[in-house]
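So the chains spell out like this:
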Amino acid sequence: MSIDLKKYEISDEGRVSLKDFETEGGSGLSKKKTVNEHMPANIKKMADLQERLYSENRHALLVVLQAMDAAGKDGTIKHVMTGLNPQGTQVVSFKAPSSEELDHDYLWRINKALPRRGEIGIFNRSHYEDVLVARVHDLVKGSQLPEELVTPDIWKKRYRQIRDFERYLSENGVKVVKIFLHISRDEQRRRLLDRINQPEKNWKFNAGDIDERRYWDQYQKAYEHLLGSTSTPEAPWYVVPADKKWFARYLVSEIVLKALEEIDPQFPELSEKERAQLDECRAILEADGEANKEEQGEAAEKE
Ligand code: ATP
Ligand code: MG
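Quantities reported herein were computed from a predicted structural model and do not represent experimental measurements.

Before going further, it helps to examine the packing of aromatic side chains. This structure, assessed with the given rule, holds 5 aromatic pairs. Measuring from ring centre to ring centre gives 4.9 Å for Tyr128 and Trp237, while their planes differ by 70°; the resulting arrangement is edge-to-face. In this pair, Tyr128 sits in the loop between strand S4 (120-124) and helix H5 (133-136) while Trp237 sits in strand S6 (residues 237-241), placing the two residues 109 residues apart along the sequence. On the basis of relative accessibility, which here comes to 0%, the residue Tyr128 falls in the buried class. Geometrically, the ring pair formed by Phe180 and Tyr223 is stacked, given 4.1 Å between the ring centres and 25° between the ring planes.

If you want it as structure tokens, here you go:
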């Protein structure tokens, strides 16, 4: 089954209001059928395309995942990426920058973590934190940035830098898709409570998430700004309704699948020389097999 992704996609700059995007999603779809049929079918298709991508070794796919706390980034990565070959997949989680990372520009650590050709890279948080948490908490003030560069238009400049960076990537064979898991404030509350109330989820609970929750509106605003300023045809954003985990995961699988289909990777074609070499190798192996059979036959006769 294929879903019309247009409804969730932002591929041009412009004003974005998150109120226009649902957090529920999945109406008209059967959960059971989606989980038991459509999802496994998508995973199989992704695995086939991944093998081509890997063998072709020319393009890379970068999936950027951003979300409020408890929106389900980890579970989405786990469910959507099962079935892919770990050899060609790389998940990188970005935490608060280390002192070494702070000694560099903000894209330095991002560059180092980019997927190689043939690989699918998943960013669990990304350079977008530098226009999100950095903006909400004004982290550029008091940072090591030269003071004269910390101007009121710094966020606008960063959006431009990010657009340029992502265009550079796409012009060099790295396809970028960006996914915002969009949950409602109330669903976040429920999930944080679950993490407190269910002992096997206690390890996920982070008291800091309660502090950050107080900045909900500021974060939503920061998201609206960045969605409106860094959505481009070559690196679109998708606003994925995330209140229902099964639907969010399915939609993300559709987005990744579409991106892989657009790359359209092909198994490498052999040159004539390589084909001739294969013929030679086949002849050697077959002759070896014949010799083996003869030896075994002689040995059996002797016994
Ligand atoms: P979980 O959903 O399991 O809590 P997480 O992605 O929130 O996973 P954490 O270790 O809880 O992982 O949080 C990472 C923290 O790092 C986030 O609070 C995020 O805002 C912060 N962070 C990431 N990048 C930056 C950055 N460039 N500057 C400042 N803080 C950052
Ligand atoms: Mg967290």
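The environment of ligand 1 is formed by 14 residues, the closest being Lys73, Lys95, Ala96, Arg125 and Glu129. Here an oxygen atom of ligand 1 sits 3.1 Å away from a polar atom, N or O, in the main chain of Ala96. At 2.6 Å, a side-chain N or O of Arg125 approaches an oxygen atom of ligand 1. Bound to the protein, ligand 1 loses 77% of the 630 Å² it would expose on its own. Tallied by class, residues from the shell around ligand 1 come to 5 nonpolar, 1 polar and 8 charged.

Right, let's talk about the layout of surface pockets for a bit. Its volume calculated, the second largest pocket comes out at about 250 Å³. Lining the second largest pocket we find 13 residues, and of these Leu18, Lys19, Trp216, Gln220 and Glu224 sit closest to its centre. Top contributing element to the lining of the second largest pocket by residue count: helix H9 (residues 216-229), with 5 residues. Residues belonging to the lining of the second largest pocket are distributed by class as follows: 3 nonpolar, 5 polar and 5 charged.

Our focus in this paragraph is the side chain of Asp130. Mapping Asp130 onto the fold places it in the loop between S4 and H5. Lacking a salt bridge, the buried Asp130 has Arg158 as its closest oppositely charged neighbour, with an N-O distance of 4.2 Å.

It is worth spelling out the sheet that holds S6 at this point. A sheet is described by the order of its strands in space; here 6 strands give the open sequence S1-S6-S5-S2-S4-S3, paired in mixed fashion. Strands with a single pairing partner mark the edges of an open sheet, and in this sheet they are strand S1 (9-10) and strand S3 (89-93). Across 5 bridges, the pairing between strand S2 (residues 60-67) and S4 is parallel. Within the sheet, the bridge partner assigned to Leu65 lies in S4 and is Asn124.

A few words on the pairing of S6. The side chains of a regular strand alternate between both faces of the sheet. Burial within S6 is extensive, with 5 of its 5 residues counted as buried. By the alternation rule, side chains of S6 split into Trp237, Val239 and Pro241 and Tyr238 and Val240, which are all buried. When S1 meets S6, the two strands line up antiparallel, connected through 2 bridges. Directly across from Ile10, in S6, lies its bridge partner Trp237. Bridging between strand S5 (residues 174-182) and S6 involves 5 bridges; their strand directions are parallel. Along S6, the bridge assignment pairs Leu181 with Val240.

What counts, and where the lines are drawn
- Residues numbered from 1 in each chain as written.
- Chains lettered and ligands numbered in written order.
- Predicted model: local features only at pLDDT ≥ 70, side-chain atom pairs only at ≥ 80, totals over all residues.
- Heavy atoms only, no water.
- Phe/Tyr/Trp six-rings, centres within 6.5 Å; stacked < 30°, edge-to-face > 60°.
- Helix = DSSP H or I, 4+ residues; strand = E, 2+ residues; numbered from the N terminus.
- Buried < 20%, exposed > 50% of the residue type's maximum accessible area, 1.4 Å probe, protein only.
- Near = heavy atom within 4 Å.
- Polar contact = N/O pair within 3.5 Å; in protein donor to acceptor, adjacent residues only side chain to side chain.
- Areas by Shrake-Rupley, 256 points an atom, 1.4 Å probe, with all protein chains shown as cover.
- Nonpolar A, V, L, I, M, F, W, Y, C, P; charged D, E, K, R; others polar.
- 1 Å grid on protein atoms, 1.4 Å probe; cavity = no way out; pocket = protein on both sides within 12 Å on 5 of 7 lines; lining within 4 Å.
- Points joined across faces, edges and corners; volume = space filled by probe spheres on them.
- Lys, Arg positive; Asp, Glu negative; His and termini not counted.
- Salt bridge = Lys/Arg side-chain N within 4 Å of Asp/Glu carboxyl O.
- Pairing = 2+ DSSP bridges.

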